[in-house]
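# Per-entry structural report
The residues making up each chain are set out below.
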Amino acid sequence: MKVDQIAVFLENKSGRLAAITKALSDNNINIRALSVADTADFGILRLIVDDTDKATRVLKEEGFTVAKGVVIAVEVADKPGGLARVLSVLHEAEINVEYMYAFVEKSSENAVLIFRFDDPDIAITILQNAGIKILTGEEVRAI
Amino acid sequence: MIWNEEFETLPREQLENLQLKRLKDLVERSYYRVKPYREKMDEAGLKPEHIKSLADLQNLPFTTKDFLRDNYPFGLFTLPLDQVVRVHASSGTTGKPTVVGYTKRDIETWAEVMARALACGGVHRGDVVHNAYGYGLFTGGLGAHYGAEKLGATVVPISGGQTKRQIMIMQDFGSTVLLATPSYALNIADTMVDMGVDGSSLSLRVGIFGAEPWSENMREEVEKKLGLKAIDIYGLSEIIGPGVSMECIEAQHGLHIFEDHFMPEIIDPDTGEVLPMGEEGELVFTTLTKQAFPLIRYRTKDITRLIAEPCVCGRTFVRMEKITGRTDDMLIIRGVNVFPTQVEHVLMGVEGVEPHYQIIVNREGSMDTMEVQVEVSEQLFSDEVKNLENLSKRIQAEIKDLIGSTCKITLVEPKTIQRSEGKAKRVIDNRNV
């Protein structure tokens with residue numbers, strides 16, 4: 001039920017994001033989803049890719065600082081209220097979202113929400129009990 | 001082991017008699033043979049016969065680096081060049097280098113104090129000494145080399161640079177002792193990790209590190225990474241080179257000054273007054289036995305204090321505390337004195353912070369700003385912004401405790417701060433003052 005994500009430290013200078021995407025492209029690694037968190041001084045790139053282990057190895061070889069972690073991918077209908085319902089379920093259960101990002105599936109009417117929780121196991125139980133569909137790692141990579 | 005039991009354990013009274021005899025001889029030689037010294041003493045109304053006790057030393061004028069530069073290159077040599085068998089020179093980052101000369105006996109004296117220093121750090125015959133101090137005009141390489149040979153150890157004169165090759169040689173030769181600057185020792189440790197070389201494949205037992213100030217936390221770090229005991233050595237080319245003072249492996253606290261050759265004083269750097277025993281100030285040396293290039297009351301710009309209490313190792317020589325900084329490394333940020341080693345101590349105290357850092361000082365308007373660049377290791381990194389921001393804030397708060405003002409912490413990618421192959425460049429001061 002959990003999806004592997006890699007996070008990469010971005011120093012605040014030009015060309016760092018380009019260097020990462022080039023390293024991935026040279027090694028034939030496909031990015032499924034990404035988000036960048038930025039502050040005034042540095043950034044953190046979060047990526048879901050089709051081959052997490054290979055991407056981690058390639059980026060480390062290029063000298064980047066990489067952390068592997070797990071996120072939860074939730075599938076909702078791509079229409080108004082899709083995200084709101086999920087968030088209200090989490091809020092009622094007093095589950096804190098560390099951060100999230102989203103993308104729309106190209107071949108269906110659905111959107112995918114990526115969540116980072118402190119305690120992913122409790123979040124999974126709550127979401128499943130509310131009848132919300134959680135995608136597996138393979139499902140996300142196959143999108 | 002004590003290399004020269006007779007001198008290194010001399011009772012204080014006998015030592016002081018010896019020092020006085022040598023001091024009188026030094027002042028006489030300098031006065032009659034070197035014009036600039038004679039002029040300085042005449043100006044102060046002093047003649048060699050005015051030196052009657054060790055306390056009279058403090059009436060003599062100081063010698064400064066500028067005085068050496070004014071008499072560049074050989075103006076302060078007390079003997080003609082046909083008796084000088086070697087010269088060395090300081091790096092001279094600002095203008096002309098300072099040049100120092102040695103007679104045959106000076107080279108022997110240097111080998112003697114350096115052999116004492118190595119023995120004091122636990123090195124002995126049979127050790128394989130990997131000497132990564134630079135060979136050349138810098139005194140580090142050759143100074144350590146002659147001392148290690150005198151001691152009877154096997155010297156590998158590798159000098160600095162080509163770090164991967166150095167590691168291979170240490171593995172193959174079974175080196176037991178590493179001589180290097182502490183920043184280069186860390187560079188070696190990190191390169192070992194990159195090469196996948198396990199520390200246990202080396203036979204290192206002792207590291208003798210010097211030529212730049214380093215903190216206690218840095219000592220722990222380098223001891224852990226290289227699996228050795230890290231011992232501090234002190235010296236400067238003007239006085240003789242490495243081997244002026246040395247930590248003993250027994251106490252690892254304070255560096256024994258080889259006082260039969262080098263007489264220390266601690267002064268207030270602003271007023272020039274000699275401070276009471278135990279107080280912190282600028283270290284001043286008088287070379288009691290050097291022939292070609294003796295110095296009277298040379299201001300080292302190094303900040304330390306002397307420890308008079310007897311040491312467990314049995315040496316009777318006074319100890320100086322590990323150098324905390326130099327008066328010319330000292331940064332004055334908004335009126336507060338800061339030494340790079342103090343910042344280093346804070347950084348090394350934070351779990352996961354790598355011992356590579358740089359301090360950048362700027363002036364914005366009339367305000368000094370200090371930025372500390374810290375490399376983000378995997379151990380520190382997190383996918384959550386708040387964790388990295390907390391880390392920055394924590395370092396910031398600890399530095400604020402130290403210097404009283406807020407500095408900027410910049411997290412940078414690993415290996416972007418330049419690695420040292422000799423003396424590390426810790427500070428970039430962009431203020432035009």
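Because the structure is predicted, anything quoted here is derived from the model rather than measured.

We now examine helix 7 (residues 163-173) of chain B. All names here are of chain B. Those residues of helix 7 that fall on the buried side of the exposure criterion are Thr163, Gln166, Ile167, Ile169 and Met170. For helix 7, the angular spread of the buried residues around the axis is 165°, confining them to a single face. Away from its buried face, by an angle of more than 90 degrees, helix 7 presents the exposed residues Lys164 and Asp172. Along its buried surface, helix 7 packs onto strand 3 (128-131), strand 4 (154-156), strand 5 (177-180) and helix 8 (182-195). Immediately downstream of helix 7, the backbone of Gly174 shows phi near 65°, a positive value.

Residues and elements named next belong to chain B. Spatially, the 4 strands line up as an open sheet ordered 10-11-12-15, and their pairing is antiparallel. Each having just a single partner strand, strand 10 (262-267) and strand 15 (325-326) make up the two edges of the open sheet. Inspection of the sheet shows strand 10 paired to strand 11 (residues 281-287) by 6 bridges, in the antiparallel sense. Within the sheet, the bridge partner assigned to Phe262 lies in strand 11 and is Thr287.

Moving on to the domain arrangement of chain B. Note: interface size is frequently given as the accessible area lost on complex formation between the parts. All names here are of chain B. Partitioning chain B into domains gives domain 1 (1-327) and domain 2 (331-429). Centre-to-centre separation of domain 1 and domain 2, based on C-alpha positions: 30 Å. Each side of the interface is counted separately: domain 1 has 26 residues, and domain 2 has 17 residues. Of the roughly 1700 Å² buried between domain 1 and domain 2, counting both surfaces, carbon and sulfur atoms make up 51%.

Moving on: the interface of chain B and chain A. Between chain B and chain A, the contact holds 17 residues from the first and 24 residues from the second. The three residues of chain B that bury the most area against chain A are Phe381, Asp383 and Glu413 of chain B, which together make up 41% of that side's buried surface. At the surface where chain B touches chain A, the tally comes to 6 salt bridges. Between Lys408 of chain B and Asp41 of chain A there is a salt bridge, with the nearest N and O atoms lying 2.9 Å from each other. Where chain B touches chain A, the interface holds 10 residue pairs in polar contact (both at pLDDT 80 or more). Of all the secondary structure elements, the ones that give two or more residues to the side of chain B that touches chain A are helix 11 (385-403) and strand 20 (408-412) of chain B. Sort the elements by how many residues they give to the side of chain B that touches chain A and helix 11 of chain B lands first, with 4 residues. Of the residues contributing to the side of chain B that touches chain A, the split by class is 7 nonpolar, 3 polar and 7 charged.

What follows concerns the pairing of strand 4 (residues 66-77) of chain A. Residues and elements named next belong to chain A. Alignment of strand 1 (residues 2-11) against strand 4, held across 7 bridges, turns out to be antiparallel. If you follow Lys2 over to strand 4, its bridge partner there is Ile72. Of the pairings in the sheet, the one linking strand 4 to strand 6 (residues 110-117) comprises 6 bridges and is antiparallel in character. Bridging from a neighbouring strand, Ala73 pairs with Ile114 of strand 6. Judged from the 3 bridges that link them, strand 4 and strand 7 (residues 133-135) form a sheet pairing that is antiparallel.

The rules behind each value
- Residues numbered from 1 in each chain as written.
- Chains lettered and ligands numbered in written order.
- Predicted model: local features only at pLDDT ≥ 70, side-chain atom pairs only at ≥ 80, totals over all residues.
- Heavy atoms only, no water.
- Buried < 20%, exposed > 50% of the residue type's maximum accessible area, 1.4 Å probe, protein only.
- Helix = DSSP H or I, 4+ residues; strand = E, 2+ residues; numbered from the N terminus.
- Arc of directions from axis to C-beta.
- Contact = heavy atoms within 4.5 Å.
- Pairing = 2+ DSSP bridges.
- Domains from an automatic or database assignment.
- Buried area = accessible area lost by both parts, 1.4 Å probe.
- Salt bridge = Lys/Arg side-chain N within 4 Å of Asp/Glu carboxyl O.
- Polar contact = N/O pair within 3.5 Å; in protein donor to acceptor, adjacent residues only side chain to side chain.
- Nonpolar A, V, L, I, M, F, W, Y, C, P; charged D, E, K, R; others polar.

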